[in-house]
Amino acid sequence: AVPVGAAAGGRAVAARAGGHIVYTDKAPAAVGPYSQAVKANGMLFVSGCVALIPGTKELNNATIEEETDQVMKNMGAILEAGGASFDHVVKTTVLLNDMGDFAAVNGVYAKYFPEDPPARACFAVKELPIGAKVEIECVATVE
């Protein structure tokens, strides 16, 4: 369900036990029973982002670089809706379905964290939802 209380810019925040659900139409809607993000105790927990083009069911995946850039754009929209930015990210988790894409993904990822990058884990997985090759989640601090 889409949370109530939509604000300007297509964002919404709804109460949840222990936190608030964050939603924006500037990023793809969740493809399962989860929220785009949850804000709790000064932290913003952003669910795994894939390269869906907002408002469509299409992946932007012509190249792994384009796919990673779309992932990061989607994450940026969710961070903004939650009152944060890439500068506030303290931890990310990167999931790849092919570790051969590691260097290419890093090349795009580094553009979003040019200085003092957050802590990170990276895992190779057998498959990702909807045929994605990369999925990234993050945790950010918020005021």
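Just so we're clear, the structure is a prediction, and the values are computed from it rather than from any experiment.

I keep staring at the pattern of salt bridges and nothing clicks. Help me out?
Here the idea is simple: oppositely charged side chains can pair when their charged atoms come close. The tally for this structure, following the rule as stated, stands at 1 salt bridge. With a shortest N-O distance of 3.3 Å, D69 and K73 are connected by a salt bridge. Placement of both D69 and K73 in helix α1 (residues 64-81) is noted, with a separation of 4 residues, approximately one turn of the helix. Accessibility expressed as a relative area gives 23% for D69, which makes it partly exposed.

Just to check I follow, could you spell out unusual backbone geometry for this structure?
Among all residues save glycine, negative phi is the norm, and among peptide bonds the norm is trans. Here N41, not a glycine, exhibits a phi torsion of approximately 50 degrees, which is positive. In this structure, N41 sits in the loop between β3 (37-40) and β4 (43-49). Residue classification places N41 among the exposed residues on the basis of a relative accessible area of 76%. Its identity is not glycine, yet I130 carries a phi of approximately 50 degrees, on the positive side. Along the chain, the position of I130 falls in the loop between β6 (119-124) and β7 (134-141).

I tried to follow the pairing of β4 on my own but got confused; where do I start?
Every regular strand shows the same layout, with side chains that alternate between the two sheet faces. As defined by bridge partners, β3 adjoins β4 across 4 bridges and the pair is classed as antiparallel. Residue pairing across strands places A40 opposite M43, the latter belonging to β4. Hairpin connection of β3 to β4: 2 residues between the antiparallel strands, including N41 at a positive phi of 50 degrees.

When you look at the pairing of β3 in this model, what are you seeing that I'm missing?
Both strand β2 (residues 19-24) and β3 contribute to a ladder of 3 bridges, which runs antiparallel. The residue bridging H20 from the neighbouring strand is K39, located in β3.

Can you walk me through helix α2 (residues 102-112) in this structure?
Each turn of an α-helix holds 3.6 residues, which means side chains three or four residues apart point in the same direction. Here α2 has its buried residues at V105, V108 and Y109. One side of α2 carries all its buried residues, which in axial view fall inside an arc of 100 degrees. In α2, those exposed residues whose orientation departs by more than 90 degrees from the buried face are A103 and K111. Its buried side turned inward, α2 meets α1, β5 (89-96), β6 and β7.

Mind showing me how you'd approach the state of the cysteines here?
What is meant by a disulfide is a covalent connection between two cysteines, made through their sulfur atoms. Applying the stated rule across the entire model yields 0 disulfides. C49 takes part in no disulfide bond, and the closest cysteine sulfur to it belongs to C138, at a distance of 6.8 Å.

Looking at this model, I keep getting lost on the packing of aromatic side chains. Mind explaining?
Aromatic ring pairs are defined here through the distance separating the ring centres and the angle between the ring planes. If you walk through the whole model with that rule in mind, you get 3 aromatic pairs. Ring geometry for F86 and Y112: centres 5.1 Å apart, planes at 55 degrees, overall tilted. Of the two residues, F86 is situated in the loop between α1 and β5 and Y112 in helix α2; the sequence distance between them amounts to 26 residues. Using a relative accessible area of 17% as the deciding quantity, one classes F86 as buried. Ring plane angle 85 degrees and centroid distance 5.5 Å describe the contact between F86 and F113, whose orientation is recorded as edge-to-face. Separated by 27 residues along the polypeptide, F86 in the loop between α1 and β5 and F113 in the loop between α2 and β6 bring together distant segments of the chain. As far as burial versus exposure is concerned, F86 and F113 are alike and both buried. Taken together, F86, Y109, Y112 and F113 form an aromatic cluster joined through their ring pairs. The ring centre of Y109 lies 4.7 Å from the NZ or CZ of R120, which sits over that ring.

Cut-offs and rules
- Residues numbered from 1 in each chain as written.
- Predicted model: local features only at pLDDT ≥ 70, side-chain atom pairs only at ≥ 80, totals over all residues.
- Heavy atoms only, no water.
- Salt bridge = Lys/Arg side-chain N within 4 Å of Asp/Glu carboxyl O.
- Helix = DSSP H or I, 4+ residues; strand = E, 2+ residues; numbered from the N terminus.
- Buried < 20%, exposed > 50% of the residue type's maximum accessible area, 1.4 Å probe, protein only.
- Pairing = 2+ DSSP bridges.
- Arc of directions from axis to C-beta.
- Contact = heavy atoms within 4.5 Å.
- Disulfide = S-S within 2.5 Å.
- Phe/Tyr/Trp six-rings, centres within 6.5 Å; stacked < 30°, edge-to-face > 60°.
- Lys NZ or Arg CZ within 6 Å of the ring centre and 35° of its normal.

In short, shape yes, function no, at least from these values alone.
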